[in-house]
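Listed here are the chains, written in short residue letters.
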Amino acid sequence: MEKKEAPKSALDALVSLCKRRGFIFQSSEIYGGFAGFWDYGPLGCEMKRNIKESWWRFTVRDREDVEGLDASIIMHPAIWKASGHLDTFSDPMSMCKGNCRKLMRADQIWDVFEESTLRETLAGMLGEAGKIATWCKGKGKSAAPGLYTVQHPEYLEKIFEQLKTITDVKELFILLATPEGETNVLPCPNCGGVMTEPRPFNLMFKTIVGPVEDPSNVAYLRPETAQAIFAEFANVMVASRQMPPFGIGQIGKSFRNEVTPRNYIFRSREFEQMEVEFFIKPDEAVELLCGHVAPLTDETDLSEPQADWGWECWHKYWVEQRKQWLVKNGLPEDSFVEYWQKPDELAHYARACVDIEYRFPFGVQELEGIAARSDFDLSRHQEHSGKSMEVFDEPLKLAVKKLSDEEKAAFRAKTVAEWEARGKTAEAANAFLDRLFEGRYIPHVIEPSAGVDRMALAMLCNAYEEQKLVDEKGKEDIRTVLHLAPAIAPVKVGVFPLVKNKPELYALARDIFKKLQRRYNCFWDESGAIGRRYRRQDEIGTPFCVTVDFDTLEKDGTVTLRDRDTMQQERISVDDLIRRLDDLILG
Ligand code: ATP
């Protein structure tokens, strides 16, 4: 079943719930907020930790072929020169020359317009030239003071006939914003003024290291966690006695001076990433070792890595691994889309890149990406640092030794032809082969890269529901519930004593709470009717509630276990309760 995008209003309701219940606050709110920065409150920070913990377990700790890293945020600036971030990590930026002087990412101007009230107003007047002219001379003065026709109402007469026939709101906006005699203007979606030509703007935050404010002391807050992994590749490989194929995973803060941070926590200036660089042998090495490279077909079994896999199988394997993780953590398969970048969209060094996109209420947008980046990154660091990023592969050297001169020559001719077909030179291919025949190569890399904050937003959007309930007397009620996966939910179990004024019952409930609290995050609530207490937990996504009542004390020692999603309750002994909750929560 195709899942529909949630309406935009659903995001407003979610944003309000997240503030009210302590998931997410605007940073520096008491000073009016700070665009692009967010704070995670008591529940939000638990949820974020759970996302990271689940990713770390699935991607690093439970695997023998992935090691962890926690590198510094500020690194030697030469890293960003080598990676290309200093020269090319920029967005095209435009500034409004009209009233508001707003800076905006040029490629997002139309997205901002789509969401604006100005668009709504113009759409409501399409084809009605008289109405448009009246608006420009009246309400338009405050709604779009930068608009050319607002500032020059006399021009309206000249375009009056055109205004009657335009059926597209974007076209209408451009016409109203374009000064007489000019063409191709980009209007400002905020005030209707004209935007400047887009100019590149580097997204890295600069800082000064040490007490002297000198250009030679400039450093950068990392815009991604990946580069530290490349810089530490050799250290980690040696220290952990790994050989490709193996990966290094890292979770940590990244910073991008985004020109237009927007859509709540979707695009921020400070955010967290969960990235793996998975280093593999080049396909030529696999072929020499195994006699072939496994082709990737619809029938390829991707459940367990194989020695004869080349980059294509490894890349698809990681796409599948990431999808498995998303589903395991509560995002249904039909809530996201796999977008394979087209050849002309790929970076020059990339062999393939898949964006996993989520159907957010504001549109289908990238949640994470899985890229096959060839040996680009390690080669650049080898070139810039002068330090070798090659590995020495003894079995490869032995495999080459067994080849006859004719077999080697044939392999060389075939490889050179393949490299030339990919636009590389014969010289580069031959230099690579000379090293390969000695058992040496720079590993290639598959990079699954996800954002913690975007993941949290996708999970919250997916989980949010306002359920209409009708009780036995026919009375309608709305139940707000977050259907978060138990592993992700900030509170796992709510524990309630039925009444406060029965000391033995209260003490028993406290005892159960303490036992459970040792295993997972629990919430104690003794105030209000039980129904109200359930609702408070539903709203924050607590998957289970336990109530200790008179039967617990006086009859059979059982408690009530209530399920958030089905609202079903069952009686269960305290020993069984712990076993059951372990299964349901820890998996
Ligand atoms: P976009 O095209 O949305 O700017 P990107 O392709 O530049 O994203 P990457 O550089 O591939 O993103 O970063 C990997 C992941 O990090 C993204 O898929 C996203 O989840 C997260 N991410 C990137 N930029 C931001 C941001 N400004 N705010 C929050 N998360 C981000």
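Since the model is a prediction, treat every value here as computed from it, not as a measurement.

Cut-offs and rules
- Residues numbered from 1 in each chain as written.
- Predicted model: local features only at pLDDT ≥ 70, side-chain atom pairs only at ≥ 80, totals over all residues.
- Heavy atoms only, no water.
- Salt bridge = Lys/Arg side-chain N within 4 Å of Asp/Glu carboxyl O.
- Helix = DSSP H or I, 4+ residues; strand = E, 2+ residues; numbered from the N terminus.
- Buried < 20%, exposed > 50% of the residue type's maximum accessible area, 1.4 Å probe, protein only.
- Domains from an automatic or database assignment.
- Contact = heavy atoms within 4.5 Å.
- Buried area = accessible area lost by both parts, 1.4 Å probe.
- Polar contact = N/O pair within 3.5 Å; in protein donor to acceptor, adjacent residues only side chain to side chain.
- Nonpolar A, V, L, I, M, F, W, Y, C, P; charged D, E, K, R; others polar.
- Near = heavy atom within 4 Å.
- Areas by Shrake-Rupley, 256 points an atom, 1.4 Å probe, with all protein chains shown as cover.
- Pairing = 2+ DSSP bridges.
- Axes fitted to C-alpha atoms, helices over the stretch in contact; angles between N-to-C directions.
- Parallel < 35°, antiparallel > 145°, perpendicular 65-115°, else oblique.
- Left-handed = near helix turned anticlockwise from the far one by under 90°.
- Phe/Tyr/Trp six-rings, centres within 6.5 Å; stacked < 30°, edge-to-face > 60°.

Visitor: What exactly am I supposed to notice about the pattern of salt bridges here?
Guide: Two side chains that carry opposite charge are able to pair once their charged atoms sit near each other. Counting across every chain of the model gives 41 salt bridges. Of the charged contacts, one joins Asp538 and Arg479 as a salt bridge, the two residues approaching to 2.8 Å between their closest N and O atoms. With Asp538 in helix α22 (residues 530-539) and Arg479 in strand β18 (residues 476-482), the pair connects residues that are 59 residues apart, well separated along the chain. The same class applies to Asp538 and to Arg479, which are both buried. Overlapping salt bridges, with partners in common, bring together Lys48, Lys52, Glu272 and Asp453 in one network.

Visitor: How do you make sense of the domain arrangement of the protein when you look at a structure like this?
Guide: One widely used convention gives an interface's size as the accessible area the parts lose upon coming together. Segmenting the protein into domains produces domain 1 (10-86 + 208-393 + 439-456), domain 2 (90-200) and domain 3 (491-586). The partner domain 2 presents 9 residues to the 7 residues of domain 1 that form the contact. With both chains or domains summed, domain 1 and domain 2 bury close to 640 Å², and 41% of this area falls on carbon and sulfur atoms. If you sort the residues of domain 1 by the area they bury against domain 2, Val259, Thr260 and Arg262 come out on top, with a joint share of 74%. Where domain 1 meets domain 2, there are 2 salt bridges. As a salt-bridge pair, Arg105 and Glu258 come within 3.6 Å of each other at their nearest N and O atoms. In this structure, the connection of domain 1 to domain 2 is made through 1 residue pair in polar contact (both at pLDDT 80 or more). Among the residues making up the side of domain 1 that touches domain 2, the classes are represented as 2 nonpolar, 2 polar and 3 charged.

Visitor: Explanation requested: the site of the ligand in the structure shown.
Guide: Lining the immediate surroundings of the ligand are 14 residues, of which Glu258, Arg267, Ser268, Glu366 and Leu367 lie closest. With respect to the ligand, the side chain of Arg256 contributes an N or O atom lying 2.9 Å from an oxygen atom. Between Ser268 and the ligand, the recorded distance is 2.9 Å, taken from a backbone N or O atom to a nitrogen atom. Taking 600 Å² as the accessible area of the ligand by itself, protein coverage stands at 80%. Contributing elements (two or more residues each) for the shell around the ligand: β10 (270-280), β13 (363-372) and β16 (444-451). Across the shell around the ligand, the residue classes tally to 4 nonpolar, 4 polar and 6 charged.

Visitor: How should the sheet that holds β16 be read in this particular structure?
Guide: By definition, the strands of a sheet pair up through backbone hydrogen bonds, in either a parallel or an antiparallel sense. Taken together, the 7 strands give an open sheet; going across it, the order is β3-β9-β10-β16-β13-β12-β11, and neighbouring strands pair in mixed fashion. Of all the strands in the sheet, just β3 (66-69) and β11 (336-340) have a single pairing partner and so form its edges. Between one strand axis and the next, the sheet turns by 25 degrees as a mean value, whatever way the strands run. As judged from the 10 bridges shared by strand β9 (residues 246-255) and β10, these two strands associate in the antiparallel manner. Looking across to β10, one finds that Ile248 is bridged to Glu277.

Visitor: Even after reading the chapter, I still don't get the environment of Leu378, so can you show me in this structure?
Guide: Examined against the element boundaries, Leu378 turns out to sit in helix α16 (residues 376-385). For the pair Leu378 and Ala10, spaced 368 residues apart in sequence, the C-alpha to C-alpha distance is 44 Å. Once you skip the residues sitting within four places of it in the chain, Leu378 turns out to touch Phe230, Phe233, Phe279, Met389, Ile442 and Pro443.

Visitor: What's the story with the packing of helix α2 (residues 42-61) against helix α15 (residues 311-328) in this structure? I'm lost.
Guide: Think of two packed helices as two axes; the pair is described by the angle between the axes and how far apart they sit. Relative orientation of the contacting elements α2 and α15 amounts to 140 degrees, with a least axis distance of 11 Å. What the angle tells us is that α2 and α15 run oblique. In the packing of α2 onto α15, the handedness of the crossing is right-handed. Taking contact as the criterion, the partners of Ile51, Ser54, Trp55, Phe58 and Thr59 in α2 are, on α15, Trp318, Gln321, Arg322, Gln324, Trp325 and Lys328. Tallied by class, the residues present in the contact of α2 with α15 amount to 5 nonpolar, 4 polar and 2 charged.

Visitor: Where do I start with the packing of aromatic side chains in this structure?
Guide: The relation between two aromatic rings is expressed through the spacing of the ring centres and the mutual angle of the planes. Inspection of the entire model under this criterion finds 27 aromatic pairs. Ring centres 6.2 Å apart and planes at 25 degrees place the aromatic pair Phe233 and Phe246 in the stacked group. Separated by 13 residues along the polypeptide, Phe233 in helix α13 (residues 233-240) and Phe246 in strand β9 bring together distant segments of the chain. In this pair, the class of Phe233 matches that of Phe246, namely buried. On the basis of an interplanar angle of 50 degrees and a centroid distance of 4.6 Å, the ring pair of Phe233 and Phe279 is categorised as tilted.

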